[in-house]
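# Survey of secondary and tertiary structure
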Amino acid sequence: MPRVRRPPLLHPFLFALYPVLYLYAGNIGEARGIHAVGPALLVLAGVGVLMALGRLLDRDGQRSGIFLSALVVVFFSFGAVTSFLGDLEIAGFHPLRLRVVAPGLVLALAALGFYLKSRPPSWAASWTTNLNLVSGLLVGLVTMQALWGHTTRPVPPPLPEADIPVTRTVQERPDLYVLILDEFGRQDILHEQFGLDLRPSLQALREMGFAVAEGSAANYSRTQPSVSSMLNLDYHQELQDGQEVTEDHYLRWIQRIRQNRLIPFLRSQGYRIRAYTSAMAGTDGLVGVDEEVTSGALEGEFVESLVRGTPIPYLLETLGSPRAEGDRAHARRIRFMFSDLADSRPPHPTFTLAHILCPHPPYVFHADGRAITRSEMAELGWPRAVGEAPLPVYRAFYPEQTQYAAVRIEAVARAILARPGPPPVVLIVSDHGPQSLFMEDPDRFWKEPTPEVARERLANLVALHAPGVDDEALRGITLVNAMRLALSRATGADLPPLPDRCFFIGERAVEFPKP
C-alpha cells in the first residue's frame, strides 16, 4: 500500500493567528503593533500545546489538526455567531438564543470529532492541503489589509516642539504628577445630576495643601482631544466651531498624545519620565518614556476586545463568576494603579503620568470597593453587561464608582505628599465630566448637543498642589491652562494662560461658553 504523503499541518496556527491580525488591521492608527504581539504568541503557543495533545489521540495528526482548526474557528467566532443568531426573530420569537446555540456548537464539534475518527488518512491529508490554502489566503489578505492601512493612513506627524522659555530658576526640581481620573465630574454637577456630595473628599485635599477649582472645565468633551491638548499645552488649532469631526481627527489626536510637547520639554529639564498604561489604546504608548508601568503584559483594550468575541465571558457567567473577564481585568488594573501610585518611590525628579479609567465604565466598584456584580446589572435590565451601559445602570453605578475614585485618589495624594524631598507639584484632573443627559437621547445629542448636555460633559475636576496656588487662582480654570500652570510652578517655565475655549465633540465640534 503506497504511503500517504502528509502535508505540513499549518492551518490550525494560521486560523488562530487570523483574528489577532484582523483586529489589528481594523484598528490601524489606534492599536500599536506591540498590542498584537503578545496575543499572537499566546494563541500560537496554545495551538501548539493542543496539537501535541491531539497527537496522543491521533498519531497521524492530520485528523486532530482538522478538529483543532474547527475548534479555533468556533472559539474566535463565538461572540459574532451567537450575537447574530440571537438577534434572529421568527414569528416574534428569538429561538436561537445563547443558551440554545452554545450547547449546539458543542454537539456539532463532538459530532465532527466522531466523523473525523472514521475517515482514512488520505482523506485527512487532502483536507489538510485545502485548509492550509484557505487559512494562508485569509492571513495573507488580512496582512495586506494591515499594510495597506499603514500605507494609505500614515501616522500623522507630531506637533513641532514648542519653544518654552524658562524665566524663573527653581533651585531643586520637584517631582511632577499628573493624575487624570477619566469622566470624574465637577462637584456642582455631581450634586445636581446624581445627588452626590464629595465636598468632604475635596476638603481633605484642601487640608493637604491642594487648591481645588470652582467652575473648572475641560476644553474638549472626549478623551483623545482633551488629553492631547493638555499634553501639548495648547488647543487644536485646526478644529473650529461647526467643523465635522472625522476619524482622521482622532488619529491625529492619538498621535499627539503619544508624541507630545510636554515630555521632550521635561526631559530637557532633567526629569525622568514615568507613565502608567491605561489599557485605552489611544492614550498608551507615549514616546520618550523611561518607565512604562503596567499591571500585566496581556492586559489592555486590544486583548479585552479579542476576549469578548470568545466563549470566555459566557463560560465565566455559566460558572457563576460575578464579573465578566473584561470587568475583572479592569478592576485589577484600577486597583493596581491606585496602589502603585501610593507605594512607588521614583527617584527625583520624576514626571509621573497616570490616566486612570475610573469612574469611566465599565462599572466594577461600589463606593466602598466591593465588586459590582452582573446580578446587580441584571436587576436594572442589563443581564449580559455587554456594550454600552444603559442609562439606569449609568445612573446607579457611576456615582458609586466616582465615590470609590475619590477615596482612592485622596489616599494616593496623601502618600505622595508624605515622601521625602522637595514638595511635589501634583495635578489631579479629569479629562471631561459625566454624560447622563447625553445618554437620554445619544443620537440626537451627538448631532445637536444642547447647552445642558455640554455643561455636564465639560465641567470637570481640577485640583493642584503647587507653591503659591490657591482656590482663587484656579477659579474657572480650564484643563489646558491647569497644565500650563502646573508646569510653570514645577520648572519655572513662562506659560501664561490661554483664552478659554470649550468644545463639545460629536458629529461636529461645537464651541460653547465655559460652563
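Notes on the structure in this doc start here. (Residues numbered from 1 in each chain as written. Predicted model: local features only at pLDDT ≥ 70, side-chain atom pairs only at ≥ 80, totals over all residues. Heavy atoms only, no water.)

## A few points about a nonpolar patch on the surface
There is a patch of nonpolar side chains on the surface, built from Val-49, Leu-50, Leu-53, Leu-56, Leu-57 and Leu-71 and spanning about 610 Å² of accessible area. For the nonpolar patch, the leading source of residues is helix H2 (residues 33-57), giving five residues. As for its placement among the helices and strands, Leu-57 is situated in helix H2. For Leu-57, a relative accessible area of 69% puts it in the exposed group. (Patch = residues over 30% accessible without salt bridge, like charges linked within 9 Å, V, L, I, M, F, W, Y side chains within 5 Å. Areas by Shrake-Rupley, 256 points an atom, 1.4 Å probe, with all protein chains shown as cover. Salt bridge = Lys/Arg side-chain N within 4 Å of Asp/Glu carboxyl O. Helix = DSSP H or I, 4+ residues; strand = E, 2+ residues; numbered from the N terminus. Buried < 20%, exposed > 50% of the residue type's maximum accessible area, 1.4 Å probe, protein only.)

## Considerations on the environment of Arg-97
With respect to the helices and strands, the residue Arg-97 is situated in the loop between helix H3 (62-87) and helix H4 (98-117). Once the C-alpha coordinates of Arg-97 and Leu-85 are considered, the two residues, 12 residues apart in sequence, prove to be 6.8 Å apart.

## Points about the pairing of strand S5 (residues 350-356)
Across the seven residues of S5, seven count as buried, placing the element largely inside the fold. Covered by surrounding structure in S5 are Thr-350, Thr-352, Ala-354 and Ile-356 together with Phe-351, Leu-353 and His-355, the residues of both alternating faces. Relative to S5, strand S1 (residues 176-181) runs parallel, the two being bridged by six bridges. The partner of Ile-180 across the bridge, within S5, is His-355. Pairing of strand S3 (residues 272-276) with S5, which is carried by four bridges, proceeds in the parallel orientation. Directly across from Arg-272, in S5, lies its bridge partner Thr-350. (Pairing = 2+ DSSP bridges.)

## A closer look at the side chain of Arg-256
Here Arg-256 shows up in helix H9 (residues 247-258). In terms of polar contacts, Arg-256 uses its side chain to reach the side chain of His-236, at 3.0 Å. (Polar contact = N/O pair within 3.5 Å; in protein donor to acceptor, adjacent residues only side chain to side chain.)

## Details of the packing of aromatic side chains
Taken as a whole and assessed by the stated rule, the structure comprises 13 aromatic pairs. Both rings, one in Tyr-220 and one in Phe-503, keep their centres 5.5 Å apart while their planes meet at 10 degrees; by these two values the pair is stacked. Remark: Phe-503 occurs in strand S8 (residues 502-505) and Tyr-220 occurs in the loop between strand S2 (211-212) and helix H8 (223-232); sequence separation between them is 283 residues. Both residues of the pair, Tyr-220 and Phe-503, belong to the buried class. Both rings, one in Tyr-250 and one in Trp-253, keep their centres 5.0 Å apart while their planes meet at 75 degrees; by these two values the pair is edge-to-face. Highlighted residues: Tyr-250 and Trp-253, both in helix H9, separated by three residues, approximately one helical turn. For the pair shown, Tyr-250 and Trp-253 are each scored as buried. Linked through ring pairs, Phe-194, Tyr-363, Tyr-394 and Tyr-398 together constitute an aromatic cluster. (Phe/Tyr/Trp six-rings, centres within 6.5 Å; stacked < 30°, edge-to-face > 60°.)

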